[in-house]
Amino acid sequence: MATMKSVLTARNKVDVVDVERPVPGPKDALVRIRACGICGTDTHFLHMGGMPAGLDGSMRAIPLGHEPAGEVVEVGAEVTDLKVGNRVVVNPPAAPSGIIGCGGPLGGMNEYLLIENAEVGESVAVVPDDMPFDVAALNEPLAVARRAVNRSEAGPTDKVVVFGAGPIGLAAAIWFKLRGVQHVTVVDVIAGRLETALAVGADAVVNSATEDLTARLTELHGAAANALGQPRVGTDIYLDAAGAPAVFQAVIDNAKWHAKLVMVAVQKKSDAIDLGGMLRSELTLVSSMGYPEEIFEVTAELVEHRERFAKLISHRVPFAEVDRAFELALTPGAAEKVVVTFDDEA
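Residues numbered from 1 in each chain as written. Predicted model: local features only at pLDDT ≥ 70, side-chain atom pairs only at ≥ 80, totals over all residues. Heavy atoms only, no water.

Enquirer: Please clarify how the overall build of the protein should be interpreted in this entry.
Expert: Secondary structure assignment for the protein yields 11 helices and 19 strands. In terms of overall dimensions, the protein is globule-like: its C-alpha atoms have a radius of gyration of 21 Å, near the 20 Å expected for 346 residues. Its C-alpha atoms give the protein principal-axis dimensions of about 70 × 45 × 30 Å. A separation of at least 24 residues holds for 67% of the contacts in the protein among residues at least 6 apart in sequence. Of the roughly 14800 Å² of accessible surface on the protein, 53% is carried by carbon and sulfur atoms. With 30 positive and 46 negative side-chain charges, the protein shows a spacing of 3 Å between the two charge centroids. (Helix = DSSP H or I, 4+ residues; strand = E, 2+ residues; numbered from the N terminus. Rg over C-alpha atoms; globule rule 2.2 N^0.38 Å. Contact = heavy atoms within 4.5 Å. Areas by Shrake-Rupley, 256 points an atom, 1.4 Å probe, with all protein chains shown as cover. Lys, Arg positive; Asp, Glu negative; His and termini not counted. Charge placed at Lys NZ, Arg CZ, Asp CG, Glu CD.)

Written out as structure tokens, the structure is:
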């Protein structure tokens, strides 16, 4: 029996175990994983110790990893649009047995991943042979960010603020600029993150820990007013990729008449929302979840702008040191985007 290494959840750490290597059926493909990103969802599962196993509160270990990229090593007899050697990125929710790396039986942080019902454009997308695997592994989080930008309906004349310069916020900033948005400002409290924001194309940054947010946004986006004529900043669209309660209130405090807030971050518990403030600006709140259509919408542009998107990766860690990779991801402020690589070639 052929085996492979698989990364499973434990309490605030991972277990690397030997499991049976999958054997593809007639409609399946087997992918050798070459890189896999670590997401905040992965760390959430580690904090919980897995996923609930029943009503008794017990937890079950699950395979981790839903941001994989790899190469096809075997295809089933009925698979016609994939061939051995293709470099691919994966659509995790397309797995019929359960979402890859998010509670299903399959995980992308394995040496091999079974692609059930393998079909280009549905379960996988093929990328060029010269596409670095570590950058290709950004496809899934870039789709999350693209969904939020799509939901914003931002146009060229809009002035946008992105709160949170983590991978999703930075990716959103890139998508806004590639969409032709006039001015994109990124707000964070960590100087290094703001430097990266400028490097990937943000027009301006604001450190809200040391700068007056309202004054800076007025300087950058001009002055405006809410429905009562009270002074507000001229920002058209806000995107929350931070999830901190202070962000929501900052938007309400600064929102002009008919401003829009797109919420993509997982929201932390907060005090009561100032609905009166929202009313006075007729602020539109738009939520964004996952990537119903975006998972492969982003792939061609990821390939085209690979050098720009590569700047989102803060750490590349070999699979032999996967424990350290997850320690980095679990430690606040230690890393931004960690990608685990499975051999010498990223």
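Still more to cover.
Enquirer: How do you make sense of the sheet that holds strand β12 (residues 204-207) when you look at a structure like this?
Expert: Hydrogen bonds between backbone groups are what pair the strands of a sheet, and the pairing can be parallel or antiparallel. What the six strands build is an open sheet, ordered β12-β11-β10-β15-β16-β17; its pairing is parallel. Edge positions in the open sheet fall to β12 and β17 (284-287), since each of these has one partner strand only. Ignoring strand direction, the axes of neighbouring strands in this sheet form an average angle of 20°. Strands in contact with helix α5 (residues 191-199) are β11 (183-188) and β12; relative to β12, the strand with the most contacts, it is inclined by about 170°. (Pairing = 2+ DSSP bridges. Axes fitted to C-alpha atoms, helices over the stretch in contact; angles between N-to-C directions.)

Enquirer: Help me understand the side chain of Arg 87 in this model?
Expert: Tracing the sequence through the fold places Arg 87 in strand β7 (residues 87-90). Among the residues examined, Arg 87 registers a relative accessible area of 12% and is labelled buried. Here Met 131 takes part through its backbone oxygen, which lies 2.7 Å from a polar atom of the side chain of Arg 87. (Buried < 20%, exposed > 50% of the residue type's maximum accessible area, 1.4 Å probe, protein only. Polar contact = N/O pair within 3.5 Å; in protein donor to acceptor, adjacent residues only side chain to side chain.)

Enquirer: Even after reading the chapter, I still don't get the side chain of Ser 123, so can you show me in this structure?
Expert: Residue placement: Ser 123 occurs in the loop between β8 (112-115) and β9 (124-127). Judged by its relative accessible area of 5%, Ser 123 falls in the buried class. Engagement of the side chain of Ser 123 in a polar contact is seen with the backbone oxygen of Asn 117, the distance being 3.4 Å. Within the structure, the side chain of Ser 123 is placed 2.8 Å from the backbone nitrogen of Glu 119, a separation counted as a polar contact.

Enquirer: Help me understand the packing of aromatic side chains, please; the structure alone is not making it clear to me.
Expert: Tallying each qualifying case throughout the model produces three aromatic pairs. Arranged with centres 5.0 Å apart and planes meeting at 50°, the rings of Trp 175 and Phe 309 form a pair that is tilted. Of the two residues, Trp 175 is situated in helix α4 (residues 167-178) and Phe 309 in helix α10 (residues 306-310); the sequence distance between them amounts to 134 residues. No difference in accessibility class separates Trp 175 from Phe 309, as the two residues are buried. (Phe/Tyr/Trp six-rings, centres within 6.5 Å; stacked < 30°, edge-to-face > 60°.)

Enquirer: Explain unusual backbone geometry to me, please; I cannot follow it from the model alone.
Expert: Excluding glycine, residues mostly have negative phi values, and the peptide bonds linking residues are mostly trans. At Asn 117, a position not held by glycine, the phi torsion is positive, near 50°. Inspection of the secondary structure puts Asn 117 in the loop between β8 and β9. Look at Asn 117 and you get partly exposed, because its relative accessible area is 43%.

Enquirer: How do you make sense of the state of the cysteines when you look at a structure like this?
Expert: Formally, a disulfide is one covalent bond, and it connects the sulfur atom of one cysteine to the sulfur atom of another. Under the defined criterion, the tally for this structure stands at zero disulfides. Unpaired in terms of disulfides, Cys 39 finds its nearest cysteine sulfur in Cys 102, a separation of 7.2 Å. Owing to a relative accessible area of 23%, Cys 102 belongs among the partly exposed residues under this scheme. (Disulfide = S-S within 2.5 Å.)

Enquirer: Help me understand helix α3 (residues 139-152), please; the structure alone is not making it clear to me.
Expert: Since there are 3.6 residues in each turn of an α-helix, residues three or four apart along the chain are aligned in direction. Given a rise of 1.5 Å per residue, 14 residues ought to cover 20 Å, and the 20 Å separating the end C-alpha atoms of α3 matches this to within 8%. Counting buried residues in α3 gives 12 out of 14 residues, a clear majority hidden from the surface. (Expected span 1.5 Å × (residues − 1).)

Function cannot be inferred from these measures alone, as they are strictly geometric.
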